[in-house]
Protein chains: 6
Amino acid sequence: MFPIYVMGSSRARAVLLDPSAAGDPIWEAVKAEARSEAEKEPILSSFLYASVLSHDCLERALSFVLANRLEDPTLLATQLIDIFNDVMMNDVDIRRSIRLDAQAFKGRDPSCAQYSWALLYLKGYHSLQSYRIAHVLWNQGRKVLALALQSRISEVFAVDIHPAAKIGEGILLDHGTGLVIGETAVVGNWVSLMQGVTLGGTGKEHGDRHPKIGQGALLGAGATILGNITVGEGAMIAAGSLVLKHVAPHRLERS
Amino acid sequence: MFPIYVMGSSRARAVLLDPSAAGDPIWEAVKAEARSEAEKEPILSSFLYASVLSHDCLERALSFVLANRLEDPTLLATQLIDIFNDVMMNDVDIRRSIRLDAQAFKGRDPSCAQYSWALLYLKGYHSLQSYRIAHVLWNQGRKVLALALQSRISEVFAVDIHPAAKIGEGILLDHGTGLVIGETAVVGNWVSLMQGVTLGGTGKEHGDRHPKIGQGALLGAGATILGNITVGEGAMIAAGSLVLKHVAPHRLERS
Amino acid sequence: MFPIYVMGSSRARAVLLDPSAAGDPIWEAVKAEARSEAEKEPILSSFLYASVLSHDCLERALSFVLANRLEDPTLLATQLIDIFNDVMMNDVDIRRSIRLDAQAFKGRDPSCAQYSWALLYLKGYHSLQSYRIAHVLWNQGRKVLALALQSRISEVFAVDIHPAAKIGEGILLDHGTGLVIGETAVVGNWVSLMQGVTLGGTGKEHGDRHPKIGQGALLGAGATILGNITVGEGAMIAAGSLVLKHVAPHRLERS
Amino acid sequence: MFPIYVMGSSRARAVLLDPSAAGDPIWEAVKAEARSEAEKEPILSSFLYASVLSHDCLERALSFVLANRLEDPTLLATQLIDIFNDVMMNDVDIRRSIRLDAQAFKGRDPSCAQYSWALLYLKGYHSLQSYRIAHVLWNQGRKVLALALQSRISEVFAVDIHPAAKIGEGILLDHGTGLVIGETAVVGNWVSLMQGVTLGGTGKEHGDRHPKIGQGALLGAGATILGNITVGEGAMIAAGSLVLKHVAPHRLERS
Amino acid sequence: MFPIYVMGSSRARAVLLDPSAAGDPIWEAVKAEARSEAEKEPILSSFLYASVLSHDCLERALSFVLANRLEDPTLLATQLIDIFNDVMMNDVDIRRSIRLDAQAFKGRDPSCAQYSWALLYLKGYHSLQSYRIAHVLWNQGRKVLALALQSRISEVFAVDIHPAAKIGEGILLDHGTGLVIGETAVVGNWVSLMQGVTLGGTGKEHGDRHPKIGQGALLGAGATILGNITVGEGAMIAAGSLVLKHVAPHRLERS
Amino acid sequence: MFPIYVMGSSRARAVLLDPSAAGDPIWEAVKAEARSEAEKEPILSSFLYASVLSHDCLERALSFVLANRLEDPTLLATQLIDIFNDVMMNDVDIRRSIRLDAQAFKGRDPSCAQYSWALLYLKGYHSLQSYRIAHVLWNQGRKVLALALQSRISEVFAVDIHPAAKIGEGILLDHGTGLVIGETAVVGNWVSLMQGVTLGGTGKEHGDRHPKIGQGALLGAGATILGNITVGEGAMIAAGSLVLKHVAPHRLERS
């Protein structure tokens, strides 16, 4: 129903360089959905207003949602929202990623019938975008703040992604609980990661010691992939598998 | 020590149609346990009083416990308790289920020595009963409220049960962490689900795409059961198994 | 850079009998790290001051950190901090364990570059030390209080360790999410447990029904070890394995 | 616009004996006002829904509002709401008083343009109704609970009314800040008390030692009335006055 | 030590039209004070950083401070901060007033040794600036939101200023507790109001019924001024006075 | 029923130098009262246990009560309790004062039937003891922390005492709301101050500019005493009075 961002298309690029000018179909969808649901469920109407309808772009809506979920007395929501807005409004990559991820959730999770459900209710989406912010902070040299965020993300969402890991866009992080992604892992675009996936080290290595996941791969629930190995583009790792060696592209791996 | 509800027995039916009239052995047990522990541990005495002893039935005690655990600024405890009481006092099925589940926890989890421990301390029980409420709301057409509850249940308990899933009674949901049950899954009566179990889709299907678990089955820790397949009555799925095909009744499946 | 406690060395013993007299290298390191990071990241400076620099020993710093993370309206942080300080200041075993565990985290988790990161940001460390306190309370006969703590630990950290379980020292509990350790389990010194490990029962036994893990063993992510069996010293259980029989010392078990 | 309760009229009596049967004009007005304002100010729509529109009578709406304002970790909102509902649903006097007081606020405070403003925004009304509940508890012999409530009312609203004091109905307690009413004071119907009024003792007496205020009197801001004296019906005490002797009915007293 | 804004001076005007360009001496002072105190009192360093040093102008610092003090579950700090920033960044009058008031506090309250103390610790300043925001909202037609704010201001600060009242700038509101200013009151520039002052109605009038206070007047503690009367420029009303008639300019009134 | 401390008696001195050795009648009374009330009102039993019965001396009980009332995200209860315990356990003057004040409340406020009521429910007592702590911090040179405390005391209790003011012991601060005591004020022993009293400056002086109140004086509700004047020993200032000149000892002043 809503236009789809095609990766690298000029439309996507234009929208993302200046969302308000070129139109922002995902943001428009989110607002329309929130408006419709606020009417049906008055108990949530102010939540929908405060989270979506009172904001002027997806970035600020997302900052609001995440700040209220991650706050604790150490990092008040009012502090987090400033940090998050700063990061998101000034990083064109993250602005594109949050949209491509929303598209991935709606397109690839049959239970996610609306963009706004990812934004508002799915901790897979919440933890992924929180990681993206921690990742920017880590790269800016604010490592301790990034670790403090990782710590809260792990407590609140039970998702533990090291802020130094590199994760592409168009990611589906379904359900989220138990996901662990290590410090030197790399995840390509359009990858799907189910609950309980580990991209870990073997415990015998230092330095670059975590998996590299190729674009479009699908990692099933509870799959454990260890060591500095490569999972090829479009490969599928069956749920519960233990993978310790390279996996060829487009292969279905099950162990 | 306390009478056991036998499914379908006239005693169970009488109790559940009018717990206060016919006597309510589980509720009586919970109160006696709370009274005894309040004396031994004064630091918890008001908690026990507020959670158990100040209420006149198990339903209201449970609403109180769940509302205080799931509240956030979007859904205050005082709002949740009204919603929960409404659902529980008006749904005879849920009133029976919360008792049969309590019996399942006490009967089948050796560490759960008292009914009140399920009610007060076990997040497996908390997340199961919270799902039951979300399920009723979903069936009443309040889908967004049900999703908002699912979202909180997943954050607070790390248990992710889609409110549309159908789950029988006399269920043991042990430890809970990481459990995922998809939208079209069906779980029969007297099933036991250990931590980390997934009843998921294969990712290739739409519509009715999740497993159907027969009565009395036991799903071991981390078992992953995918697709619209049947696990027969009384089957046992070993921990960590990946199940992609039908499992015959009473079979021990290990993969 | 900092002296290492060697288990059983006279230095370790001296430090632990009277940390302030003999010098306490881990506590000194934690303070130096906190001081340095407070300067670099002002948004966290008061957190670092309140959590570390305002205290006179590691025990009180840890009580402060855990009390603020585990508090809820039933057990206020101000109550928990008293209980935690009481337990920790009066139990020489726990005082030694929290140091040996800190050393294990820094020594065996390559992402944990500083002792203070374990203390402040790693929920594996938080949940382990919270269990240690619950364990002492359980042994003092305060079982319900111990269960209430276990319940909060499971909610906040998604780690479920029965307070009656016996766990040695020098433990690395990496990431933590999904870990389950049953009532009669025993874990030796210097064991490493990755996320999602289960030390559970088979469901057919009562009484002493959980695994005994030998010193120095390594249990990979999602490994499920069931029943009253022994995993020998230095054994390695591969990620995702299901172990139902004894494992010989120093063996690599994969199933 | 809405029918006025005339004290002692048969209409008022009928309404108050069974509000839902006879119609409840104040409750109808409150709901209409809330509905209209929820549309105009979406940021408050859920607050209005939760506080007013989701309830079926004024008593429950008021319990909800007060419980959320007075809660602290000692007395959770979910506990208070039960206590408040119990008191209000079972005490026909308090059910009449909360309506007559609402009428007094709307009728005699020119800034209070709507009944719902008293219910939702005026701490004079909030503290008066909270006192009424504490008074019932005191008379039931639950003195310490009544004192604990008085303590919270004094902290939250800066209004200190002893729960043993006797206060009539149709009361306007304007602004509220600083009001003090002592243990043996009696206040008649339709009295107006401005901010900072004291009905205190002289410090030299014990037993019955506080003022008796006649029906319809008006006590100006900061008026201090001390000792077991009588202020006659309809008397007006000028702001800032110190009154130590009886005041005749309908007299304007200024000192 | 810092330049003083002279009302109407070209310097003041320039600063206020574009604080960052022309220099903003009060904001510079606030930052210098916060920096110096953060070093001396580490327990407050993050508070000072979050409240002052992390912001780029006085407006945002003040929004942060007020939002965190006034928040409740109805109006989250993250919502309030957006509303407050919107009002303050777009209203040149309020930007000038918050500076002139800060100058009044530092200049006229001998205990207020620093600008930052008004901003951070004085509820007279907090309640005055909160009123200014409510006043703008009221004038924008958002009356219910303004009332909800007034309600919180009265609860949190025990200061009750009707959002429709008109208050000039360079105001000292010392201590604050008990202050009441009615709907149609007008207060000129450079007025000082001590604690417990009432600018109220006589109860006999409707419409324009509250006092008009001339520029530079001083209203002593507990002074009660009632009715649509004028207190002339530079008049002084003694503490505890009741004023019911016009007061000539520069007169010392005591009753 | 309980022994009374006579100021300067050897008994009082012995108790206060080492409360636990010599017996501590007020602390014994508080515990007995709490025990008796915990039995009668189970909803408050944990509060009474946590506030009183779990502590080993009055100082720690009071620190607990005050820390939980004054906490906010800037100063967590767990931080405040450390600061408060430090101050109270190390300052023999404050240890004596909190007992003599408790005696003053029970002896001179007829509504305060028990020592524990002052400790637990009376904000006059809470604000007075909070001031005592702020005063010690101020004298230690921690002025900004003292101001931050004063700010919270003024918000939570509506009592504004400058931390530099000097206040004797055996003080009754009845009701508290609106009390203001300036920076250079001095209050002798056994003074009673009713609600709304101001000990302020005239606004024309700098330096030592606030009143000196002689021992045993009684200041009535709303009395305003301004300037560096003396109120003699045992003088009584009538409620609502404005006092601008010296008052002779034992005189009844009314204006």
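Residues numbered from 1 in each chain as written. Chains lettered and ligands numbered in written order. Predicted model: local features only at pLDDT ≥ 70, side-chain atom pairs only at ≥ 80, totals over all residues. Heavy atoms only, no water.

An unreviewed UniProt entry lists chain A under the name serine O-acetyltransferase, with Triticum turgidum subsp. durum given as the organism. As recorded by UniProt, the Pathway (unreviewed entry) comment attached to chain A reads in full: "Amino-acid biosynthesis; L-cysteine biosynthesis; L-cysteine from L-serine: step 1/2." The UniProt entry for chain A carries the following text under Subunit (unreviewed entry): "Homomultimer." (UniProt positions renumbered as here; feature names shortened; annotations may be inferred.)

Here's the deal with the overall build of chain A
When helices and strands are tallied, chain A shows 10 helices and 14 strands. Relative to the 2.2 N^0.38 estimate, which gives 18 Å for 255 residues, the radius of gyration of chain A is 18 Å and therefore close to what a compact globule would have. The principal-axis extents of the C-alpha atoms in chain A amount to approximately 50 × 40 × 35 Å. The burial tally for chain A puts 66% of its 255 residues in the buried class. Taking the contacts inside chain A whose residues are at least 6 apart along the sequence as the reference set, 45% of them involve residues at least 24 apart. Accessible surface, chain A as shown: approximately 8,600 Å² in total, 53% of it carbon and sulfur. Positive and negative charge centroids in chain A, built from 24 and 26 side chains respectively, lie 5 Å apart. (Helix = DSSP H or I, 4+ residues; strand = E, 2+ residues; numbered from the N terminus. Rg over C-alpha atoms; globule rule 2.2 N^0.38 Å. Buried < 20%, exposed > 50% of the residue type's maximum accessible area, 1.4 Å probe, protein only. Contact = heavy atoms within 4.5 Å. Areas by Shrake-Rupley, 256 points an atom, 1.4 Å probe, with all protein chains shown as cover. Lys, Arg positive; Asp, Glu negative; His and termini not counted. Charge placed at Lys NZ, Arg CZ, Asp CG, Glu CD.)

Section: the interface of chain C and chain B
Chain C puts 27 residues into the contact, and the matching count from chain B is 22 residues. Interface area, chain C with chain B, both sides summed: about 2,200 Å², of which 61% is carbon and sulfur. When the buried surface of chain C facing chain B is broken down by residue, C:Val144, C:Glu155 and C:Leu242 rank first, second and third, together holding 25% of it. Where chain C packs against chain B, one counts two salt bridges. Note that C:Glu155 is salt-bridged to B:Arg69, the shortest N-O span being 2.5 Å. (Buried area = accessible area lost by both parts, 1.4 Å probe. Salt bridge = Lys/Arg side-chain N within 4 Å of Asp/Glu carboxyl O.)

Comments concerning the sheet that holds strand β13 (residues 242-243) of chain D
Strands sit in the order β1-β4-β7-β10-β13 (chain D) across an open sheet of five strands; the sheet is parallel. Here the strands that pair on one side only, and so sit at the sheet edges, are β1 (160-161) and β13 of chain D. (Pairing = 2+ DSSP bridges.)

A closer look at the side chain of A:His135
Relative to the helices and strands, A:His135 resides in helix α9 (residues 123-139). Setting aside anything within four residues of it in sequence, one finds A:His135 in contact with A:Pro163, A:Ala164, A:Ala165 and A:Lys166.

So, helix α7 (residues 92-108) of chain D
Residue and element names in this part refer to chain D. Helix length check: α7, at 17 residues, gives a terminal C-alpha distance of 24 Å against a target of 24 Å (1.5 Å per residue), a fit within 8%. When α7 is considered as a whole, its buried residues turn out to be Ile94, Arg95, Ser97, Ile98, Arg99, Leu100, Asp101, Ala102, Gln103, Ala104 and Phe105. Measuring from the backbone nitrogen of Asp93 back to the side-chain oxygen at the start of α7 gives 3.0 Å, which picks out Asp91 as the cap. (Expected span 1.5 Å × (residues − 1). Polar contact = N/O pair within 3.5 Å; in protein donor to acceptor, adjacent residues only side chain to side chain.)

Regarding helix α4 (residues 45-53) of chain F
Within α4(F), eight of the nine residues are buried, which leaves the element mostly enclosed by the surrounding structure. Among the residues of α4(F), those classed as buried are F:Ser45, F:Ser46, F:Phe47, F:Leu48, F:Tyr49, F:Ala50, F:Ser51 and F:Val52. Its buried side turned inward, α4(F) meets α4 (45-53) of chain B, α6 (77-89) of chain C together with α3 (25-40), α5 (58-70) and α8 (115-121) of chain F.

Quick notes on the relation of the copies chain C and chain B
Under the fitted operation, chain C is carried onto chain B by 0.0 Å of movement along the axis and a turn of 120°, and the coordinates agree to an RMSD of 0.0 Å. Put plainly, the chains are arranged around a three-fold axis. (Least-squares fit on C-alpha atoms with pLDDT ≥ 70 in both.)

Here's the deal with the domain arrangement of chain A
By convention, interface size is frequently given as the accessible area that disappears when the constituent parts associate. All names here are of chain A. When cut into domains, chain A gives domain 1 (1-158) and domain 2 (178-255). On a C-alpha basis, the centroid separation for the pair domain 1 and domain 2 is 25 Å. Contacts between domain 1 and domain 2 engage six residues on the former and seven residues on the latter. Linking domain 1 to domain 2 there are zero salt bridges. Linking domain 1 with domain 2 are four residue pairs in polar contact (both at pLDDT 80 or more), by the criterion used here. No other element matches helix α7 (residues 92-108), which puts three residues into the side of domain 1 that touches domain 2. Considered class by class, the residues forming the side of domain 1 that touches domain 2 number four nonpolar, one polar and one charged. (Domains from an automatic or database assignment. Nonpolar A, V, L, I, M, F, W, Y, C, P; charged D, E, K, R; others polar.)

Here we look at the environment of E:Leu199
Residue and element names in this part refer to chain E. Within the secondary structure, Leu199 is located in strand β7 (residues 198-200). With 56 residues separating them along the chain, Leu199 and Lys143 place their C-alpha atoms 21 Å apart. The contacts of Leu199, once residues within four sequence positions are left out, are Val180, Ile181, Gly182, Ala185, Val187, Leu193, His210, Pro211, Ile213, Leu219 and Ile225.

A short note on the UniProt feature "domain: Serine acetyltransferase N-terminal" (unreviewed entry) in chain A
Residues annotated in UniProt with the feature "domain: Serine acetyltransferase N-terminal" (unreviewed entry) correspond here to residues 26-130 of chain A. Helix makes up 78% of residues 26-130 of chain A and strand makes up 0%, while its end C-alpha atoms are separated by 19 Å.

Digging into the packing of aromatic side chains
Residue and element names in this part refer to chain F. Scanning all chains against the criterion turns up 12 aromatic pairs over all chains. Between Phe105 and Tyr125 the ring centres are 5.4 Å apart and the planes differ by 85°, which places this aromatic pair in the edge-to-face class. Of this pair, Phe105 sits in helix α7 (residues 92-108) while Tyr125 is found in helix α9 (residues 123-139), placing the two residues 20 residues apart along the sequence. With relative accessibility at 1%, the residue Phe105 sits in the buried group. (Phe/Tyr/Trp six-rings, centres within 6.5 Å; stacked < 30°, edge-to-face > 60°.)

A few points about the sheet that holds strand β1 (residues 160-161) of chain A
Residue and element names in this part refer to chain A. In spatial order, the strands read β1-β4-β7-β10-β13; together these five strands make up an open sheet with parallel pairing. This sheet does not close on itself; its edge strands, each paired only once, are β1 and β13 (242-243). In terms of strand pairing, strand β10 (residues 224-226) meets β13 through two bridges, oriented parallel. The partner of Thr224 across the bridge, within β13, is Leu242.

A word on the packing of helix α6 (residues 77-89) of chain F against α9(F)
All names here are of chain F. Between α6 and α9, the least distance of the axes is 10 Å, while the angle of their chain directions is 80°. The pairing of α6 with α9 is recorded here as roughly perpendicular in orientation. Mapping the contact onto sequence places Ile83, Phe84, Val87 and Met88 in α6 and Ile133, Val136 and Leu137 in α9. For the contact of α6 with α9, the per-class residue count stands at seven nonpolar, no polar and no charged. (Axes fitted to C-alpha atoms, helices over the stretch in contact; angles between N-to-C directions. Parallel < 35°, antiparallel > 145°, perpendicular 65-115°, else oblique.)

Focus on unusual backbone geometry
Residue and element names in this part refer to chain C. One non-glycine residue with positive phi stands out, namely Ala158, at about 60°. Considering the arrangement of structural elements, one finds Ala158 in the loop between α10 (143-157) and β1 (160-161). Its relative accessible area of 4% is what places Ala158 among the buried residues. One non-glycine residue, Trp190, adopts positive backbone phi at about 60°.

Focus on the packing of helix α6 (residues 77-89) of chain E against helix α7 (residues 92-108) of chain E
Residues and elements named next belong to chain E. Interaxial distance between α6 and α7 falls to 6 Å at its minimum, and their mutual angle equals 95°. Comparing the axis directions of α6 and α7 gives the class roughly perpendicular. Across from Val87, Met88 and Met89 in α6, the residues of α7 making contact are Ile94, Arg95 and Ile98. For the contact of α6 with α7, the residue count by class is five nonpolar, no polar and one charged.

Considering the pattern of salt bridges
The tally for this structure, following the rule as stated, stands at 90 salt bridges over all chains. For F:Glu169, the salt bridge identified is with F:Arg96, shortest N-O distance 2.9 Å. One end of the pair, F:Glu169, is in the loop between β2 (166-167) and β3 (172-173); the other, F:Arg96, is in helix α7, and 73 residues separate them in sequence. With relative accessibility at 10%, the residue F:Glu169 sits in the buried group. Under the relative-accessibility criterion, F:Arg96 is labelled partly exposed at 27%. The residue F:Glu253 makes a salt bridge to F:Arg251 at a minimum N-O spacing of 2.9 Å. With relative accessibility at 17%, the residue F:Glu253 sits in the buried group. Residues joined in a network through salt bridges with shared partners are A:Asp24, A:Glu59, A:Arg95 and A:Arg99.

Some points on the side chain of B:Gln129
All names here are of chain B. Along the chain, Gln129 turns up in helix α9 (residues 123-139). On the basis of relative accessibility, which here comes to 1%, the residue Gln129 falls in the buried class. Contacts of Gln129, omitting those with residues within four sequence positions, involve Leu62, Leu66, Ile98 and Asp101.

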